[in-house]
Amino acid sequence: MNNAKIIIIGAGLSGLMIAYLLQKKGFEVIILEAHTRIGGRIETVIGTTGATMELGATWFSKPHQHLIALLAELDISYFRQHTQGISFFETMSFVPPQKFEISDAEEPSYRIVGGTATLIEKLVAEVGIQNIKTQTKVTAIKEVNNHLEVTDSDGIIYEGAKVISTLPPHLLVQTVTFEPLLPDSIQQLARKTHTWMGESIKFAVEYTRPFWRENNYSGTLFSQASIIQEMYDHSTADNKGYALKGFLNGGTNTLSEEERKAKVILQLTKLFGDDAANYVAYHEKVWRNEPLTFFPYEHLLMGHENNGHPDYKKPLLNDKLYISGSETASENPGYMEGAVVAAKNIASQF
Ligand SMILES: Cc1cc2nc3c(=O)[nH]c(=O)nc-3n(C[C@H](O)[C@H](O)[C@H](O)COP(=O)(O)OP(=O)(O)OC[C@H]3O[C@@H](n4cnc5c(N)ncnc54)[C@H](O)[C@@H]3O)c2cc1C
């Protein structure tokens with residue numbers, strides 16, 4: 001048994017996966033997580049009707065082989081995203097939406113049975129909840145002799161031979177202080193590394209029946225004209241819980257939740273008729289308002305900018321600090337697949 005204490009910062013998919021892999025190699029790990037909730041950018045809300053609604057990560061596809069292998073290893077089932085029926089494409093607010101059908105030949109997307117949080121729950125069970133310390137916000141990392149001192153917002157110090165950060169790199173350099181300072185090149189790189197979906201607004205509307213399917217609509221919408229920009233059927237795999245879910249125009253973060261909700265229901269009613277107004281519940285998450293995910297950029301960054309940069313592969317502070325997390329992955333960075341790939345890369349170095 002190798003007893004070197006390894007501190008992992010962040011209990012999202014990357015942090016949990018790193019802990020899972022390192023424990024398998026016999027290392028003792030502790031995960032420090034700032035939030036009360038475990039999962040980071042994976043968050044499933046279970047509605048009163050049993051609908052499982054993703055306010056964070058949802059889909060993956062066949063090229064995401066590392067994630068798919070992990071699901072098999074943890075005995076987690078997945079199912080194909082429903083797309084059958086008529087879909088909508090809105091180009092302008094004053095023109096009726098175009099109707100089209102998604103070809104069966106298109107590369108399908110998949111969702112996890114029971115919701116994406118099932119993956120988090122299974123990893124937590126493997127890693128052991130006693131090894132995850134929530135409500136522990138790391139604020140400083142200091143090199144002292146042959147170890148690192150990690151300080152949280154209550155001033156508590158944790159000592160680790162190695163520290164692995166899984167915070168989005170931009171968030172890391174903006175919210176954690178380092179002594180000695182990280183090399184300027186890494187600081188500049190991290191400041192210009194986009195956090196995938198950090199600016200997004202997700203919504204879900206829960207219903208007692210899938211009225212859109214009854215009228216041969218798929219529930220899919222792409223719009224350049226209204227508050228909902230992208231939407232899909234979000235019913236459960238066993239077709240017992242029903243919802244429509246998607247992304248709202250990011251600019252509507254300035255509205256109140258009530259204002260966004262009213263606009264969403266109005267748009268759905270225009271598309272599907274009065275049935276859309278008889279919803280059970282409206283859920284949403286403005287990720288831009290999540291300080292443990294998003295920190296405003298100094299300059300405009302394009303989606304995925306500097307994601308997977310090779311410099312993230314080099315350990316820092318005399319090989320004691322590793323910068324990981326989905327955005328650092330060499331394959332599919334920013335996605336769940338990237339989180340798994342980044343974790344495997346770290347584990348291979350121990
Ligand atoms: C709205 C949305 C939709 C998405 N859709 C998809 C999708 O359909 N498919 C897909 O593959 N991917 C999707 N993603 C991306 C996917 O969620 C991420 O790639 C993945 O979850 C990232 O995992 P991570 O562990 O690297 O980072 P995170 O999940 O961001 O984990 C970082 C953790 O660090 C914690 N933390 C932050 N600061 C501190 C601190 N100072 N001290 C301690 N802990 C701290 C956070 O609370 C968090 O738990 C989506 C993301 C969002 C937000």
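You'll find the protein chain entered in an unreviewed UniProt entry as Monoamine oxidase, with Flavobacterium gillisiae given as the organism. Per UniProt, the protein chain has the following entry under Sequence similarities (unreviewed entry): "Belongs to the flavin monoamine oxidase family."

The domains assigned to the protein chain are domain 1 (1-42 + 118-195 + 304-350) and domain 2 (43-115 + 199-289). Taking only C-alpha atoms, the centre of domain 1 and the centre of domain 2 are 31 Å apart. With 21 residues of domain 1 at the contact, the number on the domain 2 side is 25 residues. Summed over both partners, the interface of domain 1 with domain 2 buries about 1,800 Å², with 61% contributed by carbon and sulfur atoms. On the surface where domain 1 and domain 2 come into contact, there are two salt bridges. Residue Glu-43 pairs with Arg-37 through a salt bridge whose shortest N-O separation is 3.4 Å.

The subject of this paragraph is the site of the ligand. Looking at the ligand, there are 35 residues lining it, with Ser-14, Glu-33, Arg-41, Trp-59 and Gly-334 nearest. Backbone polar atom of Trp-59 to a nitrogen atom of the ligand: 2.7 Å apart, as the coordinates give it. Taken together, domain 1 (1-42 + 118-195 + 304-350) and domain 2 (43-115 + 199-289) each give at least three residues to the shell around the ligand, which thus spans both.

As a further point, take the environment of Ile-164. Among the structural elements, Ile-164 can be located in strand E13 (residues 162-165). We classify Ile-164 as buried; its relative accessible area is 0%. For the pair formed by Ile-164 and Gly-325, sequence separation is 161 residues and the distance between their alpha carbons is 9.2 Å. Ile-164 has contacts with Ile-6, Ile-7, Ile-8, Ile-9, Ile-18, Leu-22, Tyr-322, Ser-324, Ile-346 and Phe-350, leaving out every residue within four places of it along the chain.

In this section: the packing of aromatic side chains. Applying the stated criterion to the full structure yields 17 aromatic pairs. Each ring, one from Phe-27 and one from Phe-350, has its centre 5.8 Å from the other, and the planes form 85 degrees; the classification is edge-to-face. A residue pair is termed long-range when its members are at least 10 positions apart, and Phe-27 in the loop between helix H1 (13-24) and strand E2 (28-32) and Phe-350 in the segment after helix H8 (336-348) qualify at 323 residues. Among the aromatic residues, ring-to-ring pairing joins Phe-88, Tyr-207, Phe-211, Trp-212, Tyr-217 and Phe-272 into one connected group. In this structure, Lys-245 is placed above the aromatic ring of Trp-59, and the distance from its NZ or CZ to the ring centre is 4.1 Å. A cation over a ring is seen here: Lys-285 above Trp-287, with NZ or CZ 4.7 Å from the ring centre.

Looking now at the nonpolar core. Ranked by internal contacts, the top residues of the largest apolar core, which has 39 residues, are Leu-13, Leu-16 and Leu-119. Elements supplying a minimum of two residues to this core: strand E1 (5-9), H1, E2, helix H2 (65-73), strand E8 (110-112), helix H3 (117-127) and H8. For this core, the leading source of residues is H1, giving eight residues. Counting residues domain by domain, this core receives three or more from each of domain 1 (1-42 + 118-195 + 304-350) and domain 2 (43-115 + 199-289). The contact partners of Leu-16, leaving out residues within four places of it in the chain, are Ala-11, Ile-31, Ile-38, Ile-120, Leu-123, Val-124, Val-127 and Ile-132. Residues Ile-7, Phe-178, Leu-189 and Leu-321 belong to the second largest nonpolar core, which totals 25 residues.

What follows deals with the UniProt feature "domain: Amine oxidase" (unreviewed entry) in the protein chain. Residues annotated by UniProt as "domain: Amine oxidase" (unreviewed entry) correspond here to residues 13-78 and 91-347. Secondary structure content for residues 13-78 is 32% helix and 18% strand, and the end C-alpha separation is 17 Å. Secondary structure across residues 91-347 comprises 23% helix and 27% strand; the distance between its end C-alpha atoms is 47 Å.

Next up on the list: the UniProt feature "transmembrane region" (unreviewed entry) in the protein chain. Under the local residue numbering, the UniProt record ascribes the feature "transmembrane region" (unreviewed entry) to residues 6-22. The span residues 6-22 shows a helical share of 59% and a strand share of 24%, and its end C-alpha atoms are spaced 9 Å apart.

Once that is clear, we can look at unusual backbone geometry. Put simply, Glu-179 and Pro-180 share a cis peptide bond, and its omega is 0 degrees. Position of Pro-180 relative to the elements: it lies in the loop between strand E14 (177-179) and helix H5 (184-191). One non-glycine residue, Asn-216, lies in positive phi territory at about 60 degrees. Turning to its location among the elements, Asn-216 is positioned in the loop between helix H6 (211-214) and strand E16 (217-223). The backbone of Asn-332 sits at a positive phi, close to 50 degrees, despite the residue not being glycine. By the secondary structure assignment, Asn-332 is in the loop between strand E20 (321-323) and H8.

Definitions and cut-offs
Residues numbered from 1 in each chain as written. Predicted model: local features only at pLDDT ≥ 70, side-chain atom pairs only at ≥ 80, totals over all residues. Heavy atoms only, no water. UniProt positions renumbered as here; feature names shortened; annotations may be inferred. Domains from an automatic or database assignment. Contact = heavy atoms within 4.5 Å. Buried area = accessible area lost by both parts, 1.4 Å probe. Salt bridge = Lys/Arg side-chain N within 4 Å of Asp/Glu carboxyl O. Near = heavy atom within 4 Å. Polar contact = N/O pair within 3.5 Å; in protein donor to acceptor, adjacent residues only side chain to side chain. Helix = DSSP H or I, 4+ residues; strand = E, 2+ residues; numbered from the N terminus. Buried < 20%, exposed > 50% of the residue type's maximum accessible area, 1.4 Å probe, protein only. Phe/Tyr/Trp six-rings, centres within 6.5 Å; stacked < 30°, edge-to-face > 60°. Lys NZ or Arg CZ within 6 Å of the ring centre and 35° of its normal. Core = buried A, V, L, I, M, F, W, Y, C linked by side-chain atoms within 4.5 Å.

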